Amino acid sequence: MVAAGRRGADAGAPAIVRLWERAVVTVRDRFRRVRAIGGLAVQAGLAAALSWVVAHELLHISQPVFAPISAVSTLAASLGQRLRRTVELIIGVTVGVLIGDLLLVVIGTGWWQLALIVVLAIVVALFLAGSAAVVIQAGATAVLICTLSPSTRDLEIPRFVDALIGGGVALLVTAVLLPLNPLRVLNRAARPVLDLLVTQLDATAEALAERDATRARTARGELRQNKSQLKAFVEATQGAREASTLSPVHWRERRGPVGRYARAAEPIDRAMRNSGTLIRRSVTLIEDGEPVPETLPEAVADLAEAVRLLKRQFAAGAEPNRAREQALRAVQAAGRAYRDGVGFSGAVVVAQVRTTVSDLLVATGLTQEEANHLVRGMFGDLRAPADPHRD
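In this text the structure is predicted, and so the values were computed from the model without any measurement.

Peer 1: Explain the overall build of the protein chain to me, using residue names and the numbers behind them.
Peer 2: Looking only at helices and strands, one finds 15 helices and zero strands in the protein chain. A burial count over the protein chain gives 43% of its 391 residues as buried. Nonlocal contacts in the protein chain, meaning residues at least 24 apart in sequence, comprise 77% of its contacts between residues at least 6 apart.

See below:
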C-alpha cells in the first residue's frame, strides 16, 4: 500500500510540474501582451479625457458622449489605419445624420421608419465608401437620430462635432502628446518573423549536415506557421509610416531607418516563401539520398546568419552592410556546393539560396537589378564540373 502510494505520488509529480510550467508560460504571455498594448491603453485614456474636455468645457456641449467614444474608436483601429479611421468616422456620421434628418421630415418616426432609415443609411455608406467602419457609423448614427431626435432637439450638429473632436484628439495624442516610436513598433513586429526564419534555416542546415529528414520536416512545418507574424509585421510597417508622417518628433526617421525598415516587409515576405521551398526540397534531398556537399549546409547556415544580422542592424537603425556581406557569402557557398556536385533537389536548394539572398538584399535597400547582379557575380561559374567517371 505504501509503495503503491509512493508510485502514485511519483507519477503525479511530473503532471504537477507540467501544469506549473504551463501556468508560468501563460502568465508570462499575458504580461507580454499587456506590455505590448499598454501604450495603446494610455493613449486611449488620455484621448477620451481630452475629447470630453474640449467638447464640454470649450464648446459647451452638455453631454459629449460621442466625442470620447469616437476617440477610443479611432485608437482601436489597427496601427497605420488611424488617420483613415478618423475620415471614415466623419463620413459615416455625416451620412447617418443626413439620411436620418431628411427621412424623418418626410416619413416621421416609428419602428418601420427606423428600419427604413437604417437600411438606406447603410446602402448609401456602402455606395460612397464600402468600408465596414463607415457602414457601422452611418447605421449607428441613423439609429440615434431616429430614436433620440423626437426627445432631444438639435442632436445632429453635436453628433457631427463629437465625431470630429474625438477623431482629431485621437490623432493629436498619437502624433504629438504620446507618439509611438515607429522603430520600436517595427522591431516588436519584425522580431518574431525574423527569429522564426533564422531558427528554421539553422535547423535545416543541421538537418542537411546530419542527413536528418525528420528534423528538416519539423523545420518545414514550423516555418509554415508564419501567417499571423507576417500579418502583424505588415500592419506594423503601416503604423510606423503613419507615426513618422503624423508625429513631428519622427519626421526625420521616415526617410531613414523607418522608411528602409518599412520597405523591407515585402521582400522579407518573399524570403519567407522562398525559404519554405528551400526547406521542402531539403527534405526531399535527404529522403532521396542525394549527395550533400559540405558547402551546402554551410550555405544555408550562412543564409540564417545573414537574416540574424539583418534583424540586429534593423533594430539598431544602422545601414545593413554586414547583413549584405553575409548574404553574399551564402551565395558563394551555394556556388561551391553546385560545382562540388548536387542532385536534382540539391540544385533546387542552391537556386533557392540564391533567390532568398536576392530578396534579403532588396530588403536591405538595394534595387532588384543590383541584387541580382551581385548574386550572379558571387555565385560564380554556372557550369558544373564534368563527371570524371563518365565516358
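Peer 1: Please provide a residue-by-residue account of empty space enclosed by the protein, values included.
Peer 2: With the rule as written, the count across this model stands at two cavities of 30 Å³ or more. Of the voids in this model, the second largest cavity is the one considered here, and its volume is about 40 Å³. The wall of the second largest cavity is formed by A306, L310, A323, R324, A327, L360, L361 and T364. Of all the secondary structure elements, the ones that give two or more residues to the lining of the second largest cavity are α12 (295–315), α13 (321–340) and α14 (344–363). By residue number, the principal contributor to the lining of the second largest cavity is α13, which donates three residues. Looking at the lining of the second largest cavity, its residues break down into six nonpolar, one polar and one charged.

Peer 1: Describe the environment of V342, and please don't skip the residues or the numbers.
Peer 2: Note that V342 resides in the loop between α13 and α14. Separated by 57 residues in the primary sequence, V342 and L285 have C-alpha atoms spaced 9.4 Å apart. When sequence neighbours within four positions are dropped, the list of residues in contact with V342 reads P291, P293, A337 and A347.

Peer 1: Before we move on, could you go through the environment of V292 and cite the residues and values that matter?
Peer 2: In this structure, V292 sits in the loop between α11 (265–287) and α12. Note on V292: relative accessible area 15%, which makes it buried.

Peer 1: Quick rundown of the nonpolar core? Include the residues and the values.
Peer 2: Counting 65 residues, the largest nonpolar core has L201, F233, L278, L296, V357 and L361 as the members making the most contacts within it. For this core, the secondary-structure elements that each account for two or more residues are α7 (182–210), α8 (213–224), α9 (227–246), α11, α12, α13, α14 and α15 (368–379). For this core, the element with the most residues is α7, which contributes 15 residues. If we ignore the near neighbours within four places in the chain, the residues touching L278 are L201, T204, V300, L303, V349, Q352 and V353. With 18 residues, the next largest nonpolar core counts L103, L104, A125 and A142 among its residues.

Peer 1: A description of the packing of α12 against α14 should follow, citing residues and the corresponding values.
Peer 2: The N-to-C vectors of α12 and α14 enclose an angle of 15°; their axes lie 11 Å apart at closest approach. Considered as vectors, α12 and α14 are oriented roughly parallel to each other. The chirality of how α12 crosses α14 is left-handed. Facing L296, V300, L303, A306, V307, L310 and F314 of α12, the residues of α14 in contact are V349, V350, V353, T356, V357, L360 and A363. In terms of residue class, the contact of α12 with α14 is built from 13 nonpolar, one polar and no charged.

Peer 1: Kindly report on α11, identifying the contributing residues and their values.
Peer 2: Over its 23 residues, α11 runs 33 Å from end to end, which matches the ideal 33 Å to within 8%, given 1.5 Å per residue. Within two residues after α11, G289 carries a phi angle of roughly 70°, on the positive side.

Peer 1: Give me the lowdown on the packing of helix α4 (residues 111–128) against helix α5 (residues 132–148), citing residues and values where you can.
Peer 2: Helix-helix packing is described using two parameters, namely the angle between the two axes and the distance between the axes. One way to put it is that α4 packs onto α5 with a least axis distance of 8 Å and a crossing angle of 155°. As judged from the angle between their axes, α4 and α5 are roughly antiparallel. Our pair here, α4 against α5, has a crossing hand that is right-handed. Side by side, α4 and α5 meet where Q113, L114, I117, V118, A121, I122, A125 and L126 of the first sit next to V134, V135, A138, G139, A142, V143, C146 and T147 of the second. Residues that form the contact of α4 with α5 fall into these classes: 13 nonpolar, three polar and no charged.

Peer 1: I'd like a rundown of the side chain of D359, residues and numbers included.
Peer 2: Looking at the element boundaries, D359 is found in helix α14. Exposure remark for D359: the relative accessible area of 4% places this residue in the buried category. Other than its neighbours up to four places away in sequence, D359 contacts P267, R270, A271 and N274.

Peer 1: Explain the packing of aromatic side chains to me, and be specific about the residues and the numbers.
Peer 2: On inspection of all chains with the given rule, the structure shows one aromatic pair. Ring geometry for Y338 against F379: centres 5.9 Å apart, planes inclined by 45°, an arrangement best described as tilted. Here Y338 is found in helix α13, whereas its partner F379 is found in helix α15, with 41 residues between them in sequence. The class of Y338 is partly exposed, set by a relative accessible area of 24%. Residue class for F379 comes out buried when judged on its relative accessible area of 3%. Over the aromatic face of F379 sits the side chain of R339, whose NZ or CZ is 6.0 Å from the ring centroid. The ring of F379 has R354 lying over it, and the distance from NZ or CZ to the ring centre is 4.6 Å.

Basis of the calculations
Residues numbered from 1 in each chain as written. Predicted model: local features only at pLDDT ≥ 70, side-chain atom pairs only at ≥ 80, totals over all residues. Heavy atoms only, no water. Helix = DSSP H or I, 4+ residues; strand = E, 2+ residues; numbered from the N terminus. Buried < 20%, exposed > 50% of the residue type's maximum accessible area, 1.4 Å probe, protein only. Contact = heavy atoms within 4.5 Å. 1 Å grid on protein atoms, 1.4 Å probe; cavity = no way out; pocket = protein on both sides within 12 Å on 5 of 7 lines; lining within 4 Å. Points joined across faces, edges and corners; volume = space filled by probe spheres on them. Nonpolar A, V, L, I, M, F, W, Y, C, P; charged D, E, K, R; others polar. Core = buried A, V, L, I, M, F, W, Y, C linked by side-chain atoms within 4.5 Å. Axes fitted to C-alpha atoms, helices over the stretch in contact; angles between N-to-C directions. Parallel < 35°, antiparallel > 145°, perpendicular 65-115°, else oblique. Left-handed = near helix turned anticlockwise from the far one by under 90°. Expected span 1.5 Å × (residues − 1). Phe/Tyr/Trp six-rings, centres within 6.5 Å; stacked < 30°, edge-to-face > 60°. Lys NZ or Arg CZ within 6 Å of the ring centre and 35° of its normal.

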